[in-house]
Amino acid sequence: MGVRKDPVVAKERGTRARHRMSARSASEPDEDLMRALYREHAGPLLAYVLRLVAGDRQRAEDVVQETLIRAWKNAGSLNRATGSVRPWLVTVARRIVIDGHRSRQARPQEVDPSPLEVIPAEDEIDKALWLMTLSDALDDLTPAHREVLVETYFKGRTVNEAAETLGIPSGTVRSRVFYALRSMKLALEERGVTA
């Protein structure tokens, strides 16, 4: 059933709501007032708010409920007001929607954790086993080969920096790195590690 939108009906409804509200004292808002506000204003207010929240019915219903609760809490102010209560309700509803929008903009956007659940976490046991295997394979190398690998790969030094640190020519460092890597590959293959 549609609501008539002629001025006479709107004026009669507004007058009835004003009379009901003015019949009550400002200090004693009651359930009848809330029911009257809901009955006369909830439908049109919901239609208005639905447009403001892009059709999100749940959000619109929450806004209408909050608006009517504020009207109930401010019954004393509304009793003294002349004219219809609806403009006040529409203004309050619009401000609630604006405040909700601003608060969502102020918070960082929430991230869905579900994609992170499919990414395998780094297993510390595998890392520890790898380091133990690597250390064991390094022990199989000659001291000269081990020290050039430590300087170049583990400490991240260039060939020239490693040569300066070890006190040997850079050509010797290159040669030792080449043979150390070959030996290391064999030592790892013996331990079941393949590239």
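Everything below is about the structure printed above this text.
Residues numbered from 1 in each chain as written. Predicted model: local features only at pLDDT ≥ 70, side-chain atom pairs only at ≥ 80, totals over all residues. Heavy atoms only, no water.

K.L.:
I would appreciate a short explanation of the side chain of His145 in the present structure.
P.N.:
Relative to the helices and strands, His145 is located in helix α8 (residues 143–154). Given a relative accessible area of 18%, His145 falls into the buried group. In this view, His145 contacts Arg176, Tyr179, Ala180 and Ser183; residues no more than four positions away in its chain are not counted. (Helix = DSSP H or I, 4+ residues; strand = E, 2+ residues; numbered from the N terminus. Buried < 20%, exposed > 50% of the residue type's maximum accessible area, 1.4 Å probe, protein only. Contact = heavy atoms within 4.5 Å.)

K.L.:
What is the right way to look at the packing of aromatic side chains in this model?
P.N.:
Each aromatic ring pair is summarised here by two numbers: the centre-to-centre distance and the angle between the ring planes. Enumeration over the complete set of coordinates arrives at one aromatic pair. Relative to Tyr179, the ring of Phe178 lies with its centre 5.0 Å away and its plane at 80 degrees, an arrangement referred to as edge-to-face. With relative accessibility at 45%, the residue Phe178 sits in the partly exposed group. (Phe/Tyr/Trp six-rings, centres within 6.5 Å; stacked < 30°, edge-to-face > 60°.)

K.L.:
For this particular structure, what's the right way to read the packing of α8 against helix α9 (residues 159–166)?
P.N.:
Helix-helix packing: each pair is described by the crossing angle between the helix axes and the interaxial distance. Where α8 contacts α9, the two axes come as close as 9 Å, and the packing angle between them is 130 degrees. If you check the angle between α8 and α9, you find them oblique. Pair α8 / α9 crosses with right-handed handedness. For the pair formed by α8 and α9, the contact residues are Glu147, Val148, Glu151 and Thr152 on the first element and Ala162, Thr165 and Leu166 on the second. (Axes fitted to C-alpha atoms, helices over the stretch in contact; angles between N-to-C directions. Parallel < 35°, antiparallel > 145°, perpendicular 65-115°, else oblique. Left-handed = near helix turned anticlockwise from the far one by under 90°.)

Remember that the coordinates give geometry; whether it matters functionally is a separate question.
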